[in-house]
Amino acid sequence: MTSKSSEQVTVAGAGAFGLCIALALARRGLSVVVRDPASFGDNASGVAAGMLAPVFETALDPAATDTFGLLMAARDLWPALADSIGIDLDRSGAAYYGAHIGKVAARLRALGVSSGIYGDRVYTREDWRLSPGVAMAALRVAAVQAGVTLATSEVNSLPDSGLLILATGAEGAGLAPELGLLTPIKGHILRLEGGPDIGPVMRGDGVYVCPDPAGAVVGATMEHGVADRMVDAARVAGLRLAAEALLPELADLKATAFTGVRAATPDGLPMVGWSRRPGVLLAVGARRNGWLLAPLVARAVAAYVAGEDPGPYAARLDPRRFDNKETGA
Ligand SMILES: Cc1cc2nc3c(=O)[nH]c(=O)nc-3n(C[C@H](O)[C@H](O)[C@H](O)COP(=O)(O)OP(=O)(O)OC[C@H]3O[C@@H](n4cnc5c(N)ncnc54)[C@H](O)[C@@H]3O)c2cc1C
């Protein structure tokens, strides 16, 4: 199935996936409307830490399998996208400090990335970061400049004509049978105000601290199966303790807690490709690397829409890889 350039494409969801997809399609000359009922940035993309971290996400995420090549390919699409929407990427790298330094250093060497051990830390330049708030705003501006219409409304059914692309994060159940495969993973994240310069992103065991113009960002819990967005004081206290163990100079800084809900497929990779529901393309299940993956997902979706080759990672992301699984829908 392909879409003619005169046909309207509806994108449901204005998170990292939906906005990158809309921009890619509009830049190819398609008529695109993005619909989302949430206020700007009130989604997983808006609260995220913004790490573009193929190296440590492979080395530290217990669920990571053979995904390093895919994550690196996604990261390598960011410089051109960032340039085109006028945002800076923080390319100062990331370091790990924790109980498993020997293992983590060995893992990085096995991945073949440039890295080094400095004192009690292992450091790589290969993990980058963006500011999600800045990136969301810039993507919206670039999308509108490219001709995209942004509408504050929910998609409840198939549009009367044209193609529907679901980039609905952890929501949208009922719009396509495959969405029944998604599991929510709630995450708490803290924004600390002020404090010293903490250097590059610091990763620990179950916690990370990112530098931020206003202070630091501390993340993030992984609460499997939880979809509410209530702030839980015990989770906040746990994150604070973990962050202070990593960087004691963060003690006593004022913290504000936020939550977001990620969506995860059974294998941790997104579903990108045609739904079993005719006329519907899926771009969901970003789990904890939605910002990192967004340009690669947008490129694949744009190729599907145009009837082109969706690229070397299409089979890894194809929703049909779960066809023998119960979708619950
Ligand atoms: C605490 C935390 C920290 C994170 N840190 C990082 C990080 O450092 N790096 C990284 O790469 N990723 C990170 N992530 C993951 C990343 O945020 C997500 O993977 C990514 O933002 C998902 O983007 P999305 O566009 O798929 O979904 P979302 O950002 O959730 O957007 C989906 C949108 O769809 C809308 N929607 C839902 N239903 C409908 C409907 N029926 N009609 C219209 N619109 C609808 C919603 O309102 C929402 O705005 C983090 C996530 C969390 C929670």
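Everything numeric in this text was worked out from a predicted model, so none of it was measured.

Draft legend 1. The sheet that holds strand β2 (residues 31–35), seen in detail. Here we have 6 strands laid out as an open sheet, ordered β8-β2-β1-β9-β17-β16, and mixed in their pairing. Of all strands in the sheet, those bounded by a partner on one side alone are β8 (149–151) and β16 (271–274). Between one strand axis and the next, the sheet turns through 20° on average, direction left out of account. Where strand β1 (residues 8–12) and β2 come together, 5 bridges link them in parallel fashion. Directly across from Q8, in β2, lies its bridge partner S31. In this fold helix α1 (residues 16–27) packs onto β1, β2, β9 (163–166) and β17 (280–284), with an angle of close to 165° to the strand it touches most, β2.

Draft legend 2. Highlighting the packing of α1 against helix α7 (residues 132–145). Orientation of α1 relative to α7, taken along the N-to-C sense of each, is 25°, at an axis distance of 9 Å. Between α1 and α7, the angle falls in the class roughly parallel. Like other packed secondary-structure pairs, α1 and α7 cross with a definite hand, here left-handed. Two secondary-structure elements touch here, α1 through L19, C20, A22, L23 and A26 and α7 through M136, L139, R140, A142 and A143. Counted by class, the contact of α1 with α7 contains 9 nonpolar, no polar and 1 charged residues.

Draft legend 3. Spatial organisation of unusual backbone geometry. Cis geometry is found at the peptide bond from G219 to A220, where omega equals -25°. As for its position among the elements, A220 is in the loop between β13 (215–219) and β14 (223–224). Of note, D252 is a non-glycine position whose phi angle comes to about 75°, a positive value. Looking at where D252 falls in the secondary structure, it is placed in the loop between α8 (233–246) and β15 (255–264). Its 10 C-beta neighbours within 10 Å are what place D252 among the exposed residues. The backbone of R287 sits at a positive phi, close to 50°, despite the residue not being glycine. Looking at the secondary structure, you find R287 in the loop between β17 and α9 (290–306).

Draft legend 4. Highlighting helix α4 (residues 68–75). Regarding α4, the residues found buried are L70, L71, A74 and R75. For α4, the buried positions fall inside an angular range of 135° around the axis, keeping them on one side.

Draft legend 5. Here's a closer look at the environment of V33. Its location among the elements puts V33 in strand β2. Among the residues examined, V33 registers 18 C-beta atoms within 10 Å and is labelled partly exposed. C-alpha of V33 to C-alpha of L130: the two residues are 97 residues apart in sequence and 25 Å apart in space. Excluding its chain neighbours within four sequence positions, the residues that come into contact with V33 are Q8, T10, T149 and A151.

Conventions we followed
Numbering of residues starts from 1 in every chain and runs along the sequence as written. In keeping with the model being predicted, local features are shown solely for residues with a pLDDT of at least 70 and side-chain atom pairs are shown and tallied solely at 80 or more, while totals for entire chains, interfaces and linings include all residues. Pairing between strands is defined by DSSP: at least two bridges between the two strands are required. Secondary structure counts use DSSP, requiring at least four H or I residues in a row for a helix and at least two E residues in a row for a strand, with both numbered from the N terminus. The convention used is that axes are lines fitted to C-alpha atoms, helices contributing only their stretch in contact, and that angles between N-to-C directions extend from 0 to 180 degrees. In this description, a residue-residue contact is defined by the distance between C-beta atoms placed from the backbone, which must lie within 7 Å. In these notes the angle categories are as follows: under 35 degrees is roughly parallel, over 145 is roughly antiparallel, 65 to 115 is roughly perpendicular, and the rest is oblique. Crossing chirality is assigned from the near helix's rotation relative to the far helix, an anticlockwise turn below a right angle marking it left-handed and a clockwise turn marking it right-handed. Put simply, Ala, Val, Leu, Ile, Met, Phe, Trp, Tyr, Cys and Pro go in the nonpolar bin, Asp, Glu, Lys and Arg in the charged bin, and everything else, Gly too, in the polar bin. Any residue whose C-beta has 12 or fewer other C-beta atoms within 10 Å is treated as exposed, any with 20 or more as buried, and any in between as partly exposed, C-beta atoms being built from the backbone. Our arc is simply the arc of the directions from the helix axis toward the C-beta atoms.

Nothing here speaks to function; it is geometry throughout.
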